Structure formats: structure tokens, C-alpha cells
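One-letter residues, chain by chain:
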2 protein chains.
Amino acid sequence: MNQPVRAPQQDRSRITRERLLASTLDILAVHGWAAATVARVAEEAGVSRGAAQHHFPTREALITAALEQMFTELIAMADTREALPDGPERIDIVVGRAVEIYTGREFKAALQVWAAAASDEVLREQITPLEAKFARAAYRMTRNGLDPDGSQPLSHRLAQATLDLARGLGLADTLTDDSVRRAQVVATWSEQLRAALR
Amino acid sequence: MNQPVRAPQQDRSRITRERLLASTLDILAVHGWAAATVARVAEEAGVSRGAAQHHFPTREALITAALEQMFTELIAMADTREALPDGPERIDIVVGRAVEIYTGREFKAALQVWAAAASDEVLREQITPLEAKFARAAYRMTRNGLDPDGSQPLSHRLAQATLDLARGLGLADTLTDDSVRRAQVVATWSEQLRAALR
């Protein structure tokens, strides 16, 4: 008779944990690194301070779990298996996806983490492997999208350049809404890629 | 008899101020936003706490002056009047200059400021006009460099894309030394620009 009682409890615990992590990313993205404390996150998530501390006894534990969550979400965005059309609009879709990854909430949260890690060696060592794993997923998605049959020698560097561009566009979007200008830059970039990969 | 005495004193005062601002940018770039306090900056600059507070009574005053200094340096980098060759190597030089702006100490300091401004409306309002002025200078340099006689309709968007790419490369360089990969991405993009602007 224990099973039916324990299962919902585990579910509640999992949901609470997920809510805390989602709130941590929201707070990082909107209020910055220093604001992401257990107390503030608990409040944002509508979870009692005690319950939050049960899951994450220290700020470090919370931040570590949130970083893993952030990179898991970024990798999931990059790992999409959605089919691409064969025509030239394929390039626009691939570039659009790359840019989407770098202009979302996860990137804004990641930017706070990167800025903090610039002066925090422990944090830097913690995120470097996660960041590398994400970078590989984003590269794979972009290169396979630009050059599905691997026939274009330029596609390796062009995929990298596309991700660098997307990162730069993401950074330009952090202070002001840059979406109108960005759409034009993305269109120009896709046009260049189409010419280079013809 | 006052003049010879007063002049060196003004010089000393100006030099102290400049040292404090240079140290603020160093600390921002290397140790991050929170570390840039009057006390820490005074120590780094080898200036007494009292002298530092004479110039900058509050952290806000120090940060405001340092931001102006940072953007002045960024604009000076973008406003270079150095002559460009006429041949195709012109494009490499222009792209190289754009990338240099975004991979220097000033950009690393600016990144800390941007990250802090994402959650600080007062700071955001303070830096937005400075950032816009810098963006215009960087755009002018890049567009004039890519298209000196203004004959290329694509040069407007290509100059923007080049700066977005440069910004993304700068961000990629904050956690690890990315110079080897960057050189290859820059070469690939310069090749694309040469083809597009032929």
C-alpha cells in the first residue's frame, strides 16, 4: 500500500524542484547573477523557503543544478530533429534556429553566468564542459542543416561563423529589443550562405 | 609665482584620475562588476583611499566616469583614421579591426557592464546613449572600410553583420582563448565579403 502514496509525493517533489530551477533561470535572465539566491528563487517559484532549502541547501547547489538545467535546455534547442525542406529556404530556417537559440531566455541567463564566470575560476571550470557540449550540439545542428550530405568544404567554417553571428545578435538584444534590425541582418547573412553553398 | 606650482599639481591630479579609471576598467574586465569598488580600485591603482575618494566620492561616480572612459576608448578604436590599402587585403584589415574592438580589454569590461545593466534600469539608461554612439562609430568605420566610395548597396547590411559576428567572437573569447578558431572564422567571412562586394 506504500506505492500509491509515495508516487504522488515523488511527483510533487520533482515538480517543486523543476519550478525552483525554472525560477532560477527566469531570475538570472531578468534580474542577473546576484539576484539568484535560494530565498529569492523560492519566493518567485511560490515555494516555501524550507522546501527550497530541502532541495537546494546552499546557493551553490541551486546554481549548479540551474546551470545543468540551462545547458540541457540549450542542447535540447540545438538537438531538434525537426525535418528541414530541401529548397533554398532551408538555409533561412537553419540560420533562424541558430539565432533563436541565442536570443532566448536560456541565453540571457547564460550571459549572466558567463559574465560571473569571467572572474570566478571555480564557476568557469564548472561550466566549460557544459558549454563545450552545447557548442558541439549547436555546431552539429547548424552544419548538418547547411550541408546535409557533407559535400561542401566551406560548411564547417560557415556553420561556425553563423553561430558566432547568432551569439553577437543575442548580445545585441540584451539591452534593447533588436528584433527589427536583426531580421535584416539574418536575411543578408542567409543570402551570403546561399551564394557560398550553391 | 603660483603658476609653476599649480600646474604640476593639476597634472598630478589628472594623472591620478586617469590611473583610477584605467584600474577600474582592468578590474571590470578581469574581476567583474561587483569587484569594481572605490577601495579595490584605489588599491589596484596604488592610490590612497582618501585620494581616490577625493576624485570619486561614491562608487556610482567612479562607475559613471569609467563607463564614459570605456566608451571613449571604444569609440577611439573605431574612429581610427589609419589609411587602408586599395587591394583585396583591405577587407581583411577592416574585419580584423572590427574583431579587435570586440576582443580587447574594453569589450570585456563592457560585457560586465551589459550583464549588470540587464537587471539595472538606471544603469541601462545611462549606457544606452553611450553604446549607441559607439555603435555608430563602429558601423561608420566598417562600412567606409568595406565600401569606401559608397557604391555597394549590400555594404550597409554586410557591415552590420560583420560587427555582429565580431561581437559574437568577442563573447566566445571571454571564457577561453579562442584566437586560433577565431582567425579561421575571420578568414572565411572576409572571403565571403570579398565575393559579395566584388
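No experiment lies behind these values; they were computed from the predicted model shown. (Residues numbered from 1 in each chain as written. Chains lettered and ligands numbered in written order. Predicted model: local features only at pLDDT ≥ 70, side-chain atom pairs only at ≥ 80, totals over all residues. Heavy atoms only, no water.)

## A closer look at the UniProt feature "DNA-binding region" (unreviewed entry) in chain A
Listed under "DNA-binding region" (unreviewed entry) in the UniProt record, and renumbered for this structure, are residues 37-56 of chain A. The span residues 37-56 of chain A is 75% helix and 0% strand, and its two end C-alpha atoms sit 10 Å from each other. (UniProt positions renumbered as here; feature names shortened; annotations may be inferred. Helix = DSSP H or I, 4+ residues; strand = E, 2+ residues; numbered from the N terminus.)

## Focus: the packing of aromatic side chains
Residues and elements named next belong to chain A. Evaluated as defined, the whole model comprises 9 aromatic pairs over all chains. Where Phe71 meets Phe134, the ring centres are 6.4 Å apart and the plane angle is 50°; that geometry is what we call tilted. One end of the pair, Phe71, is in helix 4 (residues 59-78); the other, Phe134, is in helix 7 (residues 121-146), with 63 residues separating them in the sequence. The class of Phe71 is buried, set by a relative accessible area of 2%. Owing to a relative accessible area of 2%, Phe134 belongs among the buried residues under this scheme. An aromatic cluster of three or more residues is present, and its members are Phe71, Tyr102, Phe107, Trp114 and Phe134. Above the ring of Trp33, the side-chain terminus of Arg59 is found at 5.1 Å from the ring centroid. (Phe/Tyr/Trp six-rings, centres within 6.5 Å; stacked < 30°, edge-to-face > 60°. Buried < 20%, exposed > 50% of the residue type's maximum accessible area, 1.4 Å probe, protein only. Lys NZ or Arg CZ within 6 Å of the ring centre and 35° of its normal.)

## Structural notes on the relation of the copies chain A and chain B
Superposition of the two copies of the chain requires a rotation about an axis together with a shift along that axis. It takes a turn of 180° to lay chain A on chain B, together with a shift of 0.0 Å along the axis; the resulting RMSD is 0.1 Å. Taken together, the rotation and translation describe the operation of a two-fold axis. (Least-squares fit on C-alpha atoms with pLDDT ≥ 70 in both.)

## Comments concerning the interface of chain A and chain B
Contact residues are listed per partner, giving 35 residues for chain A and 35 residues for chain B. Summed over both sides, the interface between chain A and chain B buries roughly 3,100 Å², with carbon and sulfur atoms accounting for 66% of that surface. Looking only at chain A, the three residues that lose the most surface to chain B are A:Arg157, A:Leu175 and A:Gln192, adding up to 21% of its buried area. Where chain A packs against chain B, one counts 2 salt bridges. When the shortest N-O distance is used, the salt bridge between B:Arg181 and A:Asp164 registers 2.7 Å. Where chain A packs against chain B, one counts 10 residue pairs in polar contact (both at pLDDT 80 or more). Where the side of chain A that touches chain B is concerned, the elements lending two or more residues are helix 1 (2-31), helix 6 (105-117), helix 7, helix 8 (155-172) and helix 9 (179-196) of chain A. Counting residues per element, the side of chain A that touches chain B draws most heavily on helix 8 of chain A, which supplies 11 residues. Among the residues making up the side of chain A that touches chain B, the classes are represented as 19 nonpolar, 11 polar and 5 charged. (Contact = heavy atoms within 4.5 Å. Buried area = accessible area lost by both parts, 1.4 Å probe. Salt bridge = Lys/Arg side-chain N within 4 Å of Asp/Glu carboxyl O. Polar contact = N/O pair within 3.5 Å; in protein donor to acceptor, adjacent residues only side chain to side chain. Nonpolar A, V, L, I, M, F, W, Y, C, P; charged D, E, K, R; others polar.)

## Let's talk about the environment of A:Ser190
Residue and element names in this part refer to chain A. Relative to the helices and strands, Ser190 resides in helix 9. When the C-alpha atoms of Ser190 and Ser48 are compared, they prove to be 48 Å apart, with 142 residues separating the residues in sequence. Setting aside its immediate chain neighbours within four residues, Ser190 contacts Ile91, Asp92 and Val95.

## Brief notes about the packing of helix 8 (residues 155-172) of chain B against helix 9 (residues 179-196) of chain B
Residue and element names in this part refer to chain B. The contact between helix 8 and helix 9 brings their axes to 11 Å, and the two run at 175°. Considering their axes alone, helix 8 and helix 9 lie roughly antiparallel with respect to each other. Along the contact surface, helix 8 presents Leu158, Ala161, Thr162, Leu165, Leu169 and Ala172, while helix 9 presents Arg181, Arg182, Val185, Val186, Trp189, Leu193 and Ala196. Its residues assigned to classes, the contact of helix 8 with helix 9 comprises 10 nonpolar, 1 polar and 2 charged. (Axes fitted to C-alpha atoms, helices over the stretch in contact; angles between N-to-C directions. Parallel < 35°, antiparallel > 145°, perpendicular 65-115°, else oblique.)

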